[in-house]
Amino acid sequence: MAEEADGGGPSRSERKALEKARILQRESERKIFSLVGRLLKKPEAERSEEEAAVLRLHRDTAEELCRRQVRRNVLKRKQEEVCDDVEELKTKIRLLAAAIKQANRLVVYTGAGISTAASIPDYRGPNGVWTQLQKGRSISSTDLSKAQPTLTHMCIRTLHKEKLVKHVVSQNCDGLHLRSGLPRSALSELHGNMFIEVCASCSPVREYVRLFDVTERTSLHRHGTGRRCHHCGDELRDTIVHFGERGTLEQPLNWKGAAEAAEAADVILCLGSSLKVLKKYACLWCMNRPASKRPKLYIVNLQWTPKDDLAVLKINGKCDEVMSLLMEELNLQIPAYEKADDPIFSLATPLLPEEGNTHSREVISPPGGQEDCSADTEEQTDEASSVQGGWFGRGYGKGRRKKKKAS
Ligand SMILES: [Zn+2]
């Protein structure tokens, strides 16, 4: 067979030789890395003269391996859940209580960690959505639809009622702040609310609060829920802001309320958030001011957060535990969640009879009301044990390479 004679690039045999050289080079690098790695594991005193010489020869590789080890250790420490011991917790909570009493404008930022007691797994904790999906496990949806406001949600609502908290900014989509009775004017749900769908064609935007998760057919950049506006007939969309999206809806995101609250705040209390996403929203942190003029930061979280170094106080504890001690310290009662008082029932727009089959998610049944009859929940009990669509766990695939299917 004749070689390619177009005179352009390298010939076939040249390409093959190049490729072979590359493979050999990679193989040799791999061998050096593994050899140096083995030698580094040996205590220095036990290394032979020869071995020490090998390490000197491959100093760059040795240094690179040491850097990697340091990075791994740091990452491991950041993922660990730490709990303060009882005495330390009490001392810190006394400090937090004093700060709350003295604050003129306290703003609370919340993340998934405040909903874990409601059986909603958090995102990045050891049992979080992210972690579970990364291990190839599925997420149970059965508890998800039965979630109710936690002790922490009820405490926050009480603190607002007592005029100790001005505003709450949440990155949770579970709607539990709203359901705890916190007024919407005091709430910014930055990433949306799974119970709210809207008609963006109506002006002003028309909201439909539902008693079920409206997001089962929606995903990144695909927000249509399949139902239609009762007024103009256009398709409704969910309010969820996925990774990589920019939330533009005025409500329930309420960016205006969040930005104004942060601007005026003298204390910020962060509860159960890794702050990895929230830290990117510059206006929430008044970073344009010198450090001494920014609101004082108090953080309650089990894991490391990127704001820990800037915080006046970091409390390593579970939100419900910390909040219950805090309320005791503030001499405030924690009301139990009462379904009868859940505002979602008065806010909700019922589905029209012909819309009964537009979703298959479980419906929150009103207090003393009948069990859901609009969705065929009976049939789906087996199938629905893992979430197929919706807001939950979405965005996870972003930046993650698809695995090649083994044939
Ligand atoms: Zn409309």
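In this convention, every chain numbers its residues from 1, walking through the sequence in written order. With pLDDT at 70 or above as the cut-off, local features in this predicted model cover only qualifying residues; side-chain atom pairs require 80 or more to be listed or tallied, and sums for whole chains, interfaces and linings still use all residues.

Colleague: Would you explain the overall build of the protein chain in this entry?
Modeller: A run of H or I in DSSP becomes a helix once it reaches four residues, and a run of E becomes a strand once it reaches two; helices and strands are each numbered from the N terminus. The number of helices and strands found in the protein chain is eleven helices and ten strands. Every C-beta atom is placed from the backbone, and the number of other C-beta atoms within 10 Å of a residue's own sets its class: buried at 20 or more, exposed at 12 or fewer, partly exposed in between. When burial is assessed residue by residue, the protein chain has 35% of its 407 residues classed as buried.

Colleague: How should the UniProt feature "active site" (unreviewed entry) in the protein chain be read in this particular structure?
Modeller: When the UniProt feature table is mapped onto this chain numbering, "active site" (unreviewed entry) sits at His-191. With respect to the helices, strands and loops of the structure, His-191 is situated in the loop between β3 (187–189) and β4 (196–199). Sequence-distant contacts of His-191, defined by excluding residues within four places in its chain, comprise Gln-171, Cys-173, Ile-240, Val-241 and Gly-247. UniProt positions are given in the numbering used here, feature names are shortened, and annotations may be inferred rather than shown by experiment. Note that contacts rest on C-beta atoms placed from the backbone: two residues are in contact if these are within 7 Å.

Colleague: Before we go on, may I ask you to explain the sheet that holds strand β8 (residues 267–271) in this structure?
Modeller: Remark on secondary structure: sheet strands pair via backbone hydrogen bonds, oriented parallel or antiparallel. What the six strands build is an open sheet, ordered β3-β2-β1-β8-β9-β10; its pairing is parallel. At either end of the open sheet lies a strand with only one pairing partner, and these are β3 and β10 (313–315). Each strand of the sheet is rotated relative to its neighbour by a mean of 15°, with strand direction disregarded. Here, strands pair whenever DSSP counts at least two bridges between them. Axis angles are defined between N-to-C directions and span 0 to 180 degrees, where every axis is a line fitted to C-alpha atoms and, for a helix, only to the segment in contact.

Colleague: What exactly am I supposed to notice about the pairing of strand β2 (residues 167–170) here?
Modeller: Each regular strand carries side chains that alternate between the two faces of the sheet. Every second residue of β2 is oriented toward a common face, with His-167 and Val-169 on one face and Val-168 and Ser-170 on the other, all of them buried. Here strand β1 (residues 106–110) pairs with β2 via four bridges, running parallel. Bridge pairing in β2 places Tyr-109 opposite Val-169. As paired strands, β2 and β3 are joined by three bridges and run parallel to one another.

Colleague: Can you walk me through helix α4 (residues 86–102) in this structure?
Modeller: An α-helical segment advances 3.6 residues per turn. Residues three or four places apart therefore align on the same side. In a helix, the anticipated span is given by 1.5 Å times the number of residues less one. Between its first and last C-alpha atoms α4 spans 24 Å; for 17 residues at 1.5 Å apiece the expected length is 24 Å, and the two agree. Check the buried side of α4 and you find it contacts β1, β9 (296–300), β10 and α9 (319–329).

Colleague: How do you make sense of the packing of helix α6 (residues 151–161) against α9 when you look at a structure like this?
Modeller: Taken N-terminus to C-terminus, the directions of α6 and α9 make an angle of 35°; their axes are 8 Å apart at the nearest point. Two packed elements cross with a definite hand, and for α6 against α9 that hand is left-handed. For the pair α6 and α9, the contacting residues are Leu-151, Thr-152 and Cys-155 in the first and Cys-319, Asp-320, Met-323, Ser-324 and Met-327 in the second. Residue type decides the class: Asp, Glu, Lys and Arg count as charged, Ala, Val, Leu, Ile, Met, Phe, Trp, Tyr, Cys and Pro as nonpolar, and the leftover types, Gly among them, as polar. Looking at the contact of α6 with α9, its residues break down into five nonpolar, two polar and one charged. Crossing handedness follows the turn of the near helix against the far one: under a right angle anticlockwise gives a left-handed crossing, and clockwise gives a right-handed one.

Colleague: Hey, could you run me through the sheet that holds strand β5 (residues 206–209) in this one?
Modeller: Judged by pairing direction, the sheet is antiparallel, and its four strands sit side by side in the order β5-β4-β7-β6 without closing on themselves. Each edge of the sheet is formed by a strand with only one pairing partner; in this case those strands are β5 and β6 (224–228). Across this sheet, the average inter-strand angle for adjacent strands is 35°, counted without regard to direction. The pairing of β6 with strand β7 (residues 235–238) spans two bridges and is antiparallel. Bridge assignment links Arg-228 to a residue of β7, and that residue is Glu-235.

Colleague: Hey, could you run me through the environment of Tyr-281 in this one?
Modeller: Locating Tyr-281 in the fold gives a position in the loop between β8 and β9. Under the C-beta neighbour-count criterion, Tyr-281 is labelled partly exposed, with 16 such atoms within 10 Å. Considered as a pair, Tyr-281 and Ala-259 are 22 residues apart in the sequence and their alpha carbons are 9.7 Å apart.

Colleague: Just to check I follow, could you spell out the packing of α4 against α9 for this structure?
Modeller: When two helices pack together, their arrangement is captured by the angle between the axes and the distance separating the axes. At their nearest, the axes of α4 and α9 sit 9 Å apart, and the two run at 60° to each other. Relative to α9, the element α4 lies oblique. For α4 against α9, the interelement crossing comes out right-handed. Along its contact with α4, which presents Leu-89, Lys-90, Ile-93, Arg-94, Leu-96 and Ala-97, the element α9 presents Val-322, Leu-325, Leu-326 and Glu-329. In the contact of α4 with α9, the residues fall into seven nonpolar, no polar and three charged. Roughly parallel refers to an angle under 35 degrees, roughly antiparallel to one over 145, roughly perpendicular to one between 65 and 115, and oblique to any angle outside these ranges.

Colleague: Explain unusual backbone geometry here, please?
Modeller: With the exception of glycine, most residues fall at negative phi, and the peptide bonds are largely trans. The omega angle of the peptide bond from Ser-203 to Pro-204 is 0°, so this bond is cis rather than trans. Along the polypeptide, Pro-204 turns up in the loop between β4 and β5. The linkage connecting Gln-251 with the following residue, Pro-252, adopts the cis geometry, with an omega of 0°. Here Pro-252 is to be found in the loop between β7 and α8 (255–264). In this structure, Asn-331 takes a positive phi of about 60° despite not being glycine. You can see Asn-331 is positioned in the loop between α9 and α10 (344–347).

Colleague: Whenever I open this one, the nonpolar core confuses me. Can you help?
Modeller: As a rule of thumb, nonpolar side chains are buried together in soluble globular proteins. What makes a nonpolar core is a set of buried Ala, Val, Leu, Ile, Met, Phe, Trp, Tyr and Cys residues, with links drawn between C-beta atoms within 7 Å. Within the largest apolar cluster, 63 residues are counted, with the highest numbers of intra-cluster contacts made by Leu-106, Val-107 and Val-108. Leaving out residues up to four positions away in the same chain, Val-108 has contacts with Ile-156, Val-165, Val-168, Leu-269 and Leu-271.

Colleague: Sorry, what's going on with the pairing of β9 here?
Modeller: Most of β9 sits inside the fold, with four of its five residues counted as buried. Pairing of β8 with β9 involves five bridges; the strand directions are parallel. Considered in β9, the bridge of Ile-268 is made with Leu-297. The pairing of β9 with β10 spans three bridges and is parallel. In the sheet register, Tyr-298 faces β10, and the bridge partner there is Leu-313.

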